Each structure stands twice: as C-alpha cells, then as structure tokens.
Amino acid sequence: GSGYATLTKETVGQFTEAESTDNNFLRTLGETGLLGFVTFYGVVMMSLFLSVKAIFTSRSRFDQYLAIGLISATVGLLLNAIYIDVFAASKIAFTYWAITGAIVAYLTKDNRHPTQE
C-alpha cells in the first residue's frame, strides 16, 4: 500500500477522475496493501463470526438481539462501503468500532466465576 490518505492528486495540475477513491474496499487495498486489507476486513469478519456464533449458542434473548443488531449494522456498512469510504469517516468509524468492541466483549465474556476456597 501507499499509506493512509495517499490516494489523491500529487500536484494541483495532475489529472485524475476523482479526488480520492470512494469505494472503501479499494481505498483500504490501495492504502494498506494486501496485508492491511486482509487484517482490517478479517477483524470485521471475526466480529460477524462471533455474533453468528452467539445467536446459536446463547440462551439469553438479549445476547441474541445484540448479535443480530451488530450483524445488521456491519452488513449495512459493508454494503455502503461499496459506494463510499464509510470506514474512513470519523463519525461512523469511531461509533462503529466502539459499539462493536463493547458488543463483542460482552458476547464473549466468561460466565464462569472463580471458585472460593
């Protein structure tokens, strides 16, 4: 990759079709390379995997609803990422990653308590 925020014009007179890449998948690939792309979307896919797993293994309806909500939000953002660099927008990214982190931490919490001796 060429580094974050580097897929733009180098000089004012340089001809390009657009100021930057709007497709988030292409932008991530161009800026971070294949390793960054696989790592970034691997984390997104892992959160989806853990959410799907929680739907089928959790006995709590609340946990299942949280997982369904996270899956819906993630799929919606991934579809939106085709048309705009949504994960690079600070208002979306900060909120998405904060909520994703909180939900994944909650869904993967250890329910066992240490035994008292």
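## Let's talk about the packing of helix α1 (residues 24–57) against helix α2 (residues 61–80)
And then number 1: At a minimum axis separation of 9 Å, α1 and α2 run at an interaxial angle of 155°. Relative to α2, the element α1 lies roughly antiparallel. In this structure, the crossing between α1 and α2 has a hand that is left-handed. When α1 is examined against α2, the residues F25, Y41, V44, M45, S47, L48, S51, V52, A54 and I55 are found in contact with a partner set consisting of Q64, A67, I68, L70, I71, T74 and L78.
And then number 2: By residue class, the composition of the contact of α1 with α2 is 13 nonpolar, four polar and no charged.

## Focus: α1
And then number 1: The end-to-end C-alpha distance of α1 is 32 Å, clearly below the 50 Å that 34 residues give at a rise of 1.5 Å each.
And then number 2: At G33, α1 is bent by approximately 125°, the largest bend along its length.
And then number 3: Listed in full, the buried residues belonging to α1 are N24, R27, T28, E31, G33, Y41, V44, S47, L48, S51 and A54.
And then number 4: Buried residues belonging to α1 abut α2 and α3 (90–107).
And then number 5: For α1, the capping residue at the N-terminal end is N23, with a side-chain oxygen 2.8 Å from the backbone nitrogen of F25.

## Points about the pattern of salt bridges
And then number 1: On inspection of all chains with the given rule, the structure shows two salt bridges.
And then number 2: R27 serves as the salt-bridge partner of E31, at 3.0 Å between the closest nitrogen and oxygen. Residue E31 and its partner R27 are both found in helix α1; the two are separated by four residues, about one turn of the helix. The residues E31 and R27 share a single accessibility class, namely buried.
And then number 3: R27 is the salt-bridge partner of D85, the closest N and O atoms lying 2.1 Å from each other.

## Some remarks on the nonpolar core
And then number 1: Membership of the largest hydrophobic core is limited to ten residues, which are Y41, V44, L48, I71, L77, L78, A81, V86, F87 and Y96.
And then number 2: Secondary structure elements with two or more residues in this core: α1 and α2.
And then number 3: What I71 contacts, discounting residues up to four positions off in sequence, is L48, S51, V52 and I55.
And then number 4: Counting residues in each nonpolar core, the second largest holds six residues, with A67, L70, I103 and L107 among its members.

## Structural notes on the environment of L78
And then number 1: For L78, the position within the fold is in helix α2.
And then number 2: For L78, a relative accessible area of 12% puts it in the buried group.
And then number 3: With sequence-adjacent residues up to four places away left out, L78 is seen in contact with F25, Y41, V44, M45, L48 and F87.

## Some thoughts on the packing of α2 against α3
And then number 1: Their axes nearest at 10 Å, the elements α2 and α3 cross at an angle of 150°. Compared by their axis directions, α2 and α3 come out roughly antiparallel. Crossing geometry of α2 relative to α3 is assigned as left-handed. Residues F62, D63, L66, A67, L70, T74 and L77 of α2 form the contact with α3, whose own contacting residues are I92, Y96, T100, I103, V104, Y106 and L107.
And then number 2: Here the contact of α2 with α3 is composed, by residue class, of eleven nonpolar, two polar and one charged.

Cut-off values and rules
- Residue indices begin from 1 for each chain and proceed along its sequence in written order.
- With pLDDT at 70 or above as the cut-off, local features in this predicted model cover only qualifying residues; side-chain atom pairs require 80 or more to be listed or tallied, and sums for whole chains, interfaces and linings still use all residues.
- Heavy atoms from the whole structure form the basis of all side-chain values; hydrogens and water molecules are not counted.
- Axes here refer to lines fitted to C-alpha atoms; in helices the fit is confined to the stretch in contact. Angles between the N-to-C directions go from 0 to 180 degrees.
- In this text, helices come from DSSP runs of H or I with a minimum length of four residues, and strands from runs of E with a minimum of two, each type numbered from the N-terminal end.
- Orientation categories follow fixed angle ranges, with anything under 35 degrees roughly parallel, anything over 145 roughly antiparallel, 65 to 115 roughly perpendicular, and all other angles oblique.
- When the near helix sits turned anticlockwise from the far one by under a right angle, the crossing is termed left-handed; a clockwise turn instead gives a right-handed crossing.
- Residue contacts follow a heavy-atom distance rule, with two residues in contact if any of their heavy atoms lie within 4.5 Å.
- In this count, Pro and Cys sit with the nonpolar residues alongside Ala, Val, Leu, Ile, Met, Phe, Trp and Tyr, while Asp, Glu, Lys and Arg are called charged and the others, Gly among them, polar.
- By this rule the span expected of a helix is its residue count minus one, scaled by 1.5 Å.
- The bend reported for a residue corresponds to the angle between axes fitted to the seven residues ending at that residue and the seven starting there.
- Relative accessible area decides the class of each residue, using a 1.4 Å probe on protein chains only: under 20% of the type maximum gives buried, over 50% gives exposed, and in between gives partly exposed.
- Within 3.5 Å is the distance limit for a polar contact, defined as a pair of N or O atoms, with the added protein rule that one can donate a hydrogen and the other accept it, and that residues adjacent in sequence qualify only through two side-chain atoms.
- For this analysis, a salt bridge means a side-chain nitrogen from Lys or Arg found within 4 Å of a carboxyl oxygen belonging to Asp or Glu.
- Residues enter a nonpolar core if they are buried and are Ala, Val, Leu, Ile, Met, Phe, Trp, Tyr or Cys, with the set joined through side-chain atoms within 4.5 Å.

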